[in-house]
Amino acid sequence: MKRNVIVGQSGGPTAAINSSLAGVYLTAKECGAKTVYGMLNGIQGLLEGRYIDLSEHIKNGLDAELLKRTPSSFLGSCRYKLPAAEGNEAVYEQIFATLKELDIEVFIYIGGNDSMDTINKLSQYAQAKGSEIRFIGCPKTVDNDLALTDHTPGYGSAAKYIAISMKELIRDSFTIDFKQGMCTIVEIMGRNAGWLTAAAALSKDEDCQGPDLIYLPEIPFDIESFKAKVKDLLAKKISVVVAVSEGIHTADGTYVCELGNSVDFVDAFGHKQLSGTASYLAGYIAGEFGCKTRAIEFSTLQRAGSHVASLTDISEGFEAGKAAIKAADEGKTGLMVVFERTSQDPYKCGTALRDVNKIANDERVVPREWVNADGDFVTDEFIAYAKPLIQGELAPVMVDGLPRHLAVPDGLRERA
């Protein structure tokens with residue numbers, strides 16, 4: 001590698017996304033890159049001419065270790081939908097002019113489905129125009145819904161957070177014996193893929209019974225069946241705990257969260273903001289049975305919990321960043337790093353490369369055979385798949401009783 005590298009982060013943050021950034025930076029320097037630039041707020045920031053020299057922030061090994069332990073996107077993120085090149089040549093000309101000005105040889109984008117769409121469009125445009133810049137996608141998403149990969153960095157740590165939090169909530173739910181019982185509804189991220197919600201089942205162990213019911217968006221939600229099951233459980237137990245995906249929907253496609261209120265916000269990629277599922281169902285159950293209910297949304301906490309990150313996840317995130325740079329250094333472009341599981345017991349997993357065109361805008365969901373026949377819990381096959389991904393801990397660097405993170409770049413603190 002003789003010239004410069006630029007890297008960006010896009011979409012929702014994860015506990016492992018900065019570990020991938022560390023992998024990109026350190027490996028690029030090892031491969032001879034003169035400067036490694038970081039786009040501030042992804043491709044949107046690049047279009048605005050906002051970027052930094054990462055060497056000014058990662059000055060030594062301690063900084064790199066802090067970066068691996070830092071939650072959220074160190075470089076900032078965006079949800080900017082890059083338009084098709086046809087009819088939007090000016091946008092692409094602006095991007096490539098900036099890349100030429102910075103003497104960029106390699107462009108790495110760390111993100112999920114929509115980010116891979118960006119890599120796909122840029123790599124195709126580069127090839128059509130004869131540009132030698134190489135574009136590689138580095139996987140990231142807590143939703144675990146990228147195609148052609150066993151799993152994605154970010155998922156393991158979020159799944160670990162969910163499993164730990166569920167154990168603690170379940171223990172708390174049995175503290176008081178309310179006369180009519182209590183029902184706790186826990187809402188978990190994932191949109192149209194139930195990988196995160198399914199992780200609630202990992203809380204089940206000899207010291208915890210786990211949630212009573214788990215509802216994924218892969219199975220249409222029947223509210224009458226749900227009501228009947230909760231009624232039966234309340235007759236037997238003092239407390240019922242249910243895990244639901246934010247994206248569960250009825251047979252006609254209506255999101256359950258839309259039954260309680262309208263969903264007004266839609267992002268650049270047409271994704272509705274899904275929130276309120278737990279609140280609606282808790283109110284519904286309280287109205288039907290007169291029992292005490294709680295609605296709990298893990299919301300962004302589940303993707304920001306670096307204090308309980310999975311060591312497996314952080315390590316694999318770093319390896320994904322390394323693999324992205326090595327692929328580019330070998331002259332490859334238009335690809336995304338994927339994970340291939342080569343052994344289940346003991347768990348072994350390695351990286352490979354796949355055509356990003358076959359990944360962009362696709363969505364991998366939980367297989368139907370990993371959900372029980374009633375559609376209200378997951379099977380042992382899912383547990384066997386997910387459990388290796390939450391193993392190990394990466395201890396935070398503690399200062400005055402709190403975890404220390406790498407400081408936010410100045411360009412992200414205030415509006416220009």
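(A) Summary view of the overall build of the protein chain. Scanning the protein chain from terminus to terminus reveals 13 helices and 13 strands. Taken over C-alpha atoms, the radius of gyration comes to 22 Å for the protein chain, in line with the 22 Å a tight globule of 416 residues would show. Seen along its three principal axes, the alpha-carbon backbone of the protein chain occupies a region of about 70 × 50 × 45 Å. Burial statistics for the protein chain: of 416 residues in total, 57% are counted as buried. With an accessible surface of roughly 17,500 Å², the protein chain has 48% of that area assigned to carbon and sulfur atoms.

(B) Fine view of the sheet that holds strand β4 (residues 104-111). In spatial order, the strands read β3-β2-β1-β4-β5-β10-β11; together these seven strands make up an open sheet with mixed pairing. Of all strands in the sheet, those with a lone pairing partner are β3 (51-53) and β11 (347-355), marking the two edges. Taken over all neighbouring pairs, the strand axes of this sheet differ in orientation by 25 degrees on average, direction set aside. Here two bridges tie strand β5 (residues 134-139) to strand β10 (residues 335-344), and the two strands are oriented parallel to one another. Directly across from isoleucine 136, in β10, lies its bridge partner leucine 335. Packed on one face of the sheet, helix α1 (residues 17-30) meets β1 (4-9), β2 (36-39), β4 and β5 and runs near 180 degrees to β1. The sheet strands contacting helix α12 (residues 311-329) are β1, β4, β5, β10 and β11, and the helix crosses β5 at an angle near 170 degrees.

(C) Quick look at the packing of helix α4 (residues 89-101) against helix α5 (residues 113-129). Between α4 and α5, the least distance of the axes is 12 Å, while the angle of their chain directions is 85 degrees. By the angle class used here, α4 and α5 are roughly perpendicular. Contacts between α4 and α5 involve Glu89, Tyr92, Glu93, Ile95 and Phe96 on the former and, on the latter, Lys121, Leu122, Tyr125, Ala126 and Lys129. Each residue belonging to the contact of α4 with α5 can be placed in one class, and the counts come to six nonpolar, no polar and four charged.

Here is what the cut-offs are and how they apply
- Residues numbered from 1 in each chain as written.
- Predicted model: local features only at pLDDT ≥ 70, side-chain atom pairs only at ≥ 80, totals over all residues.
- Heavy atoms only, no water.
- Helix = DSSP H or I, 4+ residues; strand = E, 2+ residues; numbered from the N terminus.
- Rg over C-alpha atoms; globule rule 2.2 N^0.38 Å.
- Buried < 20%, exposed > 50% of the residue type's maximum accessible area, 1.4 Å probe, protein only.
- Areas by Shrake-Rupley, 256 points an atom, 1.4 Å probe, with all protein chains shown as cover.
- Pairing = 2+ DSSP bridges.
- Axes fitted to C-alpha atoms, helices over the stretch in contact; angles between N-to-C directions.
- Contact = heavy atoms within 4.5 Å.
- Parallel < 35°, antiparallel > 145°, perpendicular 65-115°, else oblique.
- Nonpolar A, V, L, I, M, F, W, Y, C, P; charged D, E, K, R; others polar.

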